[in-house]
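# Fold and geometry: a report
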Amino acid sequence: MRQKIASITQWFSLPTVCILCHHNHPKPVAICEKCAILFQRLENPCRYCNRPLPNNDFLLCGECLRNRPAFDRVITKYHFEGPLRTLLHEFKYLNALYLRTFLVQLMLESYDEELAHADCIIPIPLHKQRIRQRGFNQAAELAKLLAQKLHIPYDTKICKKITNTLPQVGLGADERRKNLRHSFIAKTAPYRYVLLVDDLITTGSTANEVSLVLKKQGVKRVDIWCCARAS
């Protein structure tokens, strides 16, 4: 059987142009290897929220020691800094959906055997008015592709955002928590272990609120899977 051609650049043996440095490179991905190595990796992350710690003598950050989050862990290998910050901004706010495949590849770098036991992948819900404004839910775009690649069920109906809250950007941690309180609802869940997908985790307020409503409906474990972690 003839091998399926993955892209027009492969069909014509054309080089790919890196969207960061604008130089040609041989691989059919949006970012060249020289630019990809500029992404900052997390070191010594907190076992729950993935916030970087001073050294590996610590397992938990101070915030998680005081108030353990409703989710069980955050899965990502990268800081929300440098070129990756630029890419996520373009993906989320400038409709750069062509970056989805590359961002999912980054997320898959943090794949481990535990993830294979997940019952479902759920994107962080957006309110319907926000989806109309933006045109898409960036978390849903990442979650759909992850579900396809990993052959894990994908569910957007079990959890909804019912309040069109203020944007979280610019709010402090306490303000974010108050802003999101009672803004999500969930149905009774047939799942024990859920992967909750988003592009970015900042304070973790959104992930925590969604995890709370899912666990109230019977979910036992919620892991947050994202592209990057803001410091």
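Shown above is the structure to which this text applies.
In short, a report on the structure.

Quick notes on the rules
- Residues numbered from 1 in each chain as written.
- Predicted model: local features only at pLDDT ≥ 70, side-chain atom pairs only at ≥ 80, totals over all residues.
- Heavy atoms only, no water.
- Salt bridge = Lys/Arg side-chain N within 4 Å of Asp/Glu carboxyl O.
- Helix = DSSP H or I, 4+ residues; strand = E, 2+ residues; numbered from the N terminus.
- Buried < 20%, exposed > 50% of the residue type's maximum accessible area, 1.4 Å probe, protein only.
- Axes fitted to C-alpha atoms, helices over the stretch in contact; angles between N-to-C directions.
- Parallel < 35°, antiparallel > 145°, perpendicular 65-115°, else oblique.
- Left-handed = near helix turned anticlockwise from the far one by under 90°.
- Contact = heavy atoms within 4.5 Å.
- Pairing = 2+ DSSP bridges.

On to the pattern of salt bridges. Under the defined criterion, the tally for this structure stands at twelve salt bridges. Salt-bridge contacts for Arg 221 lead to Glu 114; the nearest nitrogen and oxygen are separated by 2.7 Å. With Arg 221 in strand β9 (residues 221-225) and Glu 114 in the loop between α5 (100-108) and β4 (120-123), the pair connects residues that are 107 residues apart, well separated along the chain. For Glu 114, a relative accessible area of 38% corresponds to the partly exposed category. Its salt-bridge partner being Lys 144, residue Glu 141 comes within 3.3 Å of it at the nearest N-O pair. In this pair, Glu 141 and Lys 144 both sit in helix α7 (residues 138-150), three residues apart, roughly one turn of the helix. Taking the relative accessible area as the measure of exposure, Lys 144 reaches 30% and is therefore partly exposed.

Axis separation between helix α4 (residues 82-93) and α5 bottoms out at 11 Å; the angle between their running directions is 130 degrees. Of the possible angle classes, the one that applies to α4 and α5 is oblique. With respect to the hand of their crossing, α4 and α5 are arranged in left-handed fashion. Packed against α4, whose contacting residues are Leu 84, Leu 87, Leu 88 and Phe 91, the element α5 presents Arg 100, Phe 102, Leu 103 and Leu 106 at the interface.

Along β9, four of the five residues are buried, which leaves the element largely enclosed by surrounding structure. Summarising the sheet, strand β3 (residues 73-75) and β9 pair through three bridges and their orientation is parallel. Considered in β9, the bridge of Ile 75 is made with Trp 225. When strand β7 (residues 193-197) meets β9, the two strands line up parallel, connected through five bridges. What sits directly across from Val 197, in β9, is Trp 225.

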